[in-house]
Amino acid sequence: MKLPVCPYCHSVYRYRDVVNISEKRHNCYHCGRAFEVSKATGRTVLMLIVCCVLISFNVLLFYTSKNINIVVMAITDAAFIAAAIMLFPFTVKFRAVKMTKSEKRKNKAK
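Below or above, wherever it landed, is the structure these notes cover. (Residues numbered from 1 in each chain as written. Predicted model: local features only at pLDDT ≥ 70, side-chain atom pairs only at ≥ 80, totals over all residues. Heavy atoms only, no water.)

Observations concerning a positive patch on the surface
Taken together, the side chains of Lys 2, Lys 24, Lys 93 and Arg 95 make up a positively charged region of the molecular surface. The partly exposed category is assigned to Lys 93, whose relative accessible area is 46%. (Patch = residues over 30% accessible without salt bridge, like charges linked within 9 Å, V, L, I, M, F, W, Y side chains within 5 Å. Areas by Shrake-Rupley, 256 points an atom, 1.4 Å probe, with all protein chains shown as cover. Salt bridge = Lys/Arg side-chain N within 4 Å of Asp/Glu carboxyl O. Lys, Arg positive; Asp, Glu negative; His and termini not counted. Charge placed at Lys NZ, Arg CZ, Asp CG, Glu CD. Buried < 20%, exposed > 50% of the residue type's maximum accessible area, 1.4 Å probe, protein only.)

Okay, structure coming up:
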């Protein structure tokens, strides 16, 4: 896992910058070109992995320890989910925007 980079100039975005991106299209801070931001796919995969690991971990704890408390399991689950949420910026992908014909003409004129 790594932080995303601009698809045009390959500028690396910092953790805080990726967290603060809220729109679907974003302009690069370095080259100024627009690109698409995709968050859903990576987060969905990460959360599916987290759910599978947590279910198997809880079943393992439940059957191996006779003195396990549901509160301990809930605290462990909450800590694991918090750690997974901190990994969200690493699942963001930047994709180059396909230019329309009018945008291509503008770029050629420059």
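Here's the deal with the packing of helix α2 (residues 40–64) against helix α3 (residues 70–85)
The geometry of α2 relative to α3 is characterised by a closest axis approach of 11 Å and an angle of 160 degrees between their N-to-C directions. Considered as vectors, α2 and α3 are oriented roughly antiparallel to each other. Regarding α2 and α3, the two cross each other, and that crossing is right-handed. For the pair α2 and α3, the contacting residues are Leu 46, Val 50, Val 53, Leu 54, Phe 57, Asn 58, Leu 61 and Phe 62 in the first and Met 73, Thr 76, Asp 77, Phe 80, Ile 81 and Ala 84 in the second. (Axes fitted to C-alpha atoms, helices over the stretch in contact; angles between N-to-C directions. Helix = DSSP H or I, 4+ residues; strand = E, 2+ residues; numbered from the N terminus. Parallel < 35°, antiparallel > 145°, perpendicular 65-115°, else oblique. Left-handed = near helix turned anticlockwise from the far one by under 90°. Contact = heavy atoms within 4.5 Å.)

Let's talk about the packing of aromatic side chains
Applying the stated criterion to the full structure yields 6 aromatic pairs. When the ring of Tyr 13 is compared with that of Tyr 29, the centres are 4.9 Å apart and the planes differ by 75 degrees; the resulting orientation is edge-to-face. Residue Tyr 13 is found in the segment before α1 (15–20), and its partner Tyr 29 is found in the loop between β1 (25–27) and β2 (34–38); the two are separated by 16 residues along the sequence. Measuring from ring centre to ring centre gives 6.0 Å for Tyr 13 and Phe 35, while their planes differ by 80 degrees; the resulting arrangement is edge-to-face. Placement of the pair is Tyr 13 in the segment before α1 and Phe 35 in strand β2, with a sequence separation of 22 residues. Each member of the pair, Tyr 13 as well as Phe 35, is classed as buried. The cationic tip of Arg 33 hangs over the ring face of Tyr 8; the distance from NZ or CZ to the ring centre is 3.8 Å. (Phe/Tyr/Trp six-rings, centres within 6.5 Å; stacked < 30°, edge-to-face > 60°. Lys NZ or Arg CZ within 6 Å of the ring centre and 35° of its normal.)

As for the sheet that holds β1
Spatially, the 3 strands line up as an open sheet ordered β1-β2-β3, and their pairing is antiparallel. Of all strands in the sheet, those bounded by a partner on one side alone are β1 and β3 (93–96). Averaged over all neighbouring strand pairs, the angle between strand axes comes to 40 degrees, with direction disregarded. The sheet contact formed by β2 and β3 spans 4 bridges and is antiparallel. Each bridged residue has a counterpart across the sheet, and for Ser 38 the counterpart in β3 is Lys 93. (Pairing = 2+ DSSP bridges.)

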